[in-house]
Amino acid sequence: MSDLNELLARVRRELKDPEGAIWTDEELTQHIRRALGAYTRVDPLRTVGELSTSANVREYSLADLAGLMEVLDVWYPYDPDSPTYPP
């Protein structure tokens, strides 16, 4: 994966501005971050999170699941030793 400096150099080549005469690094970085944010909203990284459950509790906070945008599936009961798919 490219680091930011490599990405800036690639974008400068594409924009035909290798010396930075037109675009500053700050401007290009801002646009790259905006594009990555838009891409993430369209095709987010899919991960699996686990919550501990308790008897007689029907609602759970999802605040501890960092970066959560939406819940796609809920597996219950879930056995990490033999997960089944689909849930």
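Above: the structure in question.
Because the structure is predicted, anything quoted here is derived from the model rather than measured. (Residues numbered from 1 in each chain as written. Predicted model: local features only at pLDDT ≥ 70, side-chain atom pairs only at ≥ 80, totals over all residues. Heavy atoms only, no water.)

*Asks:* Explain the overall build of the protein to me, using residue names and the numbers behind them.
*Replies:* A count of helical and extended segments in the protein gives 2 helices and 0 strands. The C-alpha radius of gyration computed for the protein amounts to 21 Å, which surpasses the reference 12 Å derived for 87 residues by more than 25%, pointing to a less compact arrangement than a globule. Taken over the C-alpha atoms alone, the protein extends approximately 65 × 25 × 20 Å along its principal axes. The contacts of the protein with a sequence gap of at least 6 include a subset with a gap of at least 24, amounting to 23%. Treating the 9 positive side-chain charges of the protein as one cloud and the 16 negative ones as another, the clouds have centres 8 Å apart. (Helix = DSSP H or I, 4+ residues; strand = E, 2+ residues; numbered from the N terminus. Rg over C-alpha atoms; globule rule 2.2 N^0.38 Å. Contact = heavy atoms within 4.5 Å. Lys, Arg positive; Asp, Glu negative; His and termini not counted. Charge placed at Lys NZ, Arg CZ, Asp CG, Glu CD.)

*Asks:* Break down the pattern of salt bridges for me, with residues and values.
*Replies:* All told, the structure shown has 3 salt bridges when counted by the stated rule. In this structure, the salt-bridge partner of aspartate 17 is arginine 12, at a minimum N-O distance of 3.4 Å. Accessibility assignment for this pair places aspartate 17 and arginine 12 in one class, buried. Linking aspartate 43 and arginine 46 is a salt bridge whose minimum nitrogen-to-oxygen distance equals 3.6 Å. (Salt bridge = Lys/Arg side-chain N within 4 Å of Asp/Glu carboxyl O. Buried < 20%, exposed > 50% of the residue type's maximum accessible area, 1.4 Å probe, protein only.)

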